[in-house]
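Descriptive analysis of the structure
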Amino acid sequence: MNVLAIGDIVGQPGRRAVAAWLPQLKEEYEIEFCFANAENASGGLGLDEKGANELLDAGLDALTLGNHAFAKKQMLTLLADEWPVLRPVNGPVSWPGAPYLILNKRVPIALINLCGRVFMDALDDPFQAIEPVVEAIRARGVKCILLDFHAEASAEKVAMGHFLKDRVTAVLGTHTHVQTADERILGMGTAYLTDLGMTGPYESVIGMNIESSLVRFAKRLPSRYETAAGPFMLQGAVISVDPLSGQATSICRVSLKEEPA
Ligand SMILES: [Fe+2]
Ligand SMILES: [Fe+2]
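Predicted model only: the values in this text are computed from it and were never measured.

1. Considerations on the coordination of the iron ion (ligand 2)
- Taken together, the protein donors to the iron ion (ligand 2) comprise E39 (OE), N67 (OD1), H150 (NE2) and H175 (ND1), at separations of 2.1 to 2.2 Å.
- Coordination at the iron ion (ligand 2) comes from four donor atoms whose angles at the metal span 85 to 161°, giving a geometry best classed as irregular.
- Each donor residue of the iron ion (ligand 2) lies on one chain, and together they are spaced E-x27-N-x82-H-x24-H.

Given below as structure tokens:
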């Protein structure tokens, strides 16, 4: 069984990239289940109902969030419904939404979203938070467990991979918007990648307009975050999973770029 995980979708260019390439990726890799991190999919910050429905209609089975989970306030009410959109599990108890999702009919697949806390607004300790969640899922007999670990620091993500080695099917990093080249199988069958990369405009600073980013970094002056325009890319990874054991057998990066007009 093959699953596709897609790195942070940024704004309308990211949503267009999904619509343009997801059908052919699903066919080419015989994808049974696919999800994407979508916390920047609406206007570059947060996710709204329209953006989420557009992505689900395009063929994604589920969407994960991250440190900007509630940047669009309507997510506070939307997450209460039966909806395949997932916020980080290590947030405060006041956060709405399920701690994890179990999806896919033929082979149940559990999906978890978890936030790191190095160089970002700290939620609960991700290492302490994740253990009871994984145990609860395994106790339900679900063997295929996918984790989107939304974190800034590579070391925190690599450590999480080793921490969950042979306890989950895949530990897939998101949030930096820069795809790493360290895909591997940890232990007997945990697929690992420090960052899935970005699905959005590639003539950009991690999806944002280059000029406005330079005002902020080079001039140290305030400027609005604006999603960049121009050609888009789609990045992620395909993970092959033994449906009986839930062990990953391979992980292969995906990176597609639109030709400049
Ligand atoms: Fe992001
Ligand atoms: Fe993020």
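2. What about the pattern of salt bridges?
- According to the stated counting rule, one finds six salt bridges in the structure shown.
- Across the pair D125 and R117 runs a salt bridge, and its minimum N-O distance is 3.7 Å.
- Look at R117 and you get partly exposed, because its relative accessible area is 38%.
- With its nearest N and O atoms 2.8 Å apart, the salt bridge here joins R167 to E131. With R167 in the loop between α5 (154-163) and β9 (170-174) and E131 in helix α4 (residues 126-139), the pair connects residues that are 36 residues apart, well separated along the chain.

3. Some thoughts on the nonpolar core
- In this structure, L47, L60, L63 and M75 are the most contacted members of the largest nonpolar core, which totals 31 residues.
- For this core, the secondary-structure elements that each account for two or more residues are β1 (2-6), α1 (11-28), β3 (31-37), α2 (49-57), α3 (75-78) and β13 (232-241).
- Looking at this core element by element, the count peaks at five residues for α1.
- In this structure L47 touches A38, E39, A41, S42, A52, L63, L65, K72, M75 and V85, once residues within four positions along its chain are discounted.
- Core analysis: the next-biggest nonpolar cluster, separate from the first, contains 24 residues, A62, A191, L196 and I239 among them.

Cut-offs used in this document
Residues numbered from 1 in each chain as written. Chains lettered and ligands numbered in written order. Predicted model: local features only at pLDDT ≥ 70, side-chain atom pairs only at ≥ 80, totals over all residues. Heavy atoms only, no water. Donors = N, O, S within 2.8 Å, 3.2 Å for Na, K, Ca; no water. Tetrahedral: all angles 85-135°; square planar, octahedral: opposite > 155°, others 65-115°. Salt bridge = Lys/Arg side-chain N within 4 Å of Asp/Glu carboxyl O. Buried < 20%, exposed > 50% of the residue type's maximum accessible area, 1.4 Å probe, protein only. Helix = DSSP H or I, 4+ residues; strand = E, 2+ residues; numbered from the N terminus. Core = buried A, V, L, I, M, F, W, Y, C linked by side-chain atoms within 4.5 Å. Contact = heavy atoms within 4.5 Å.

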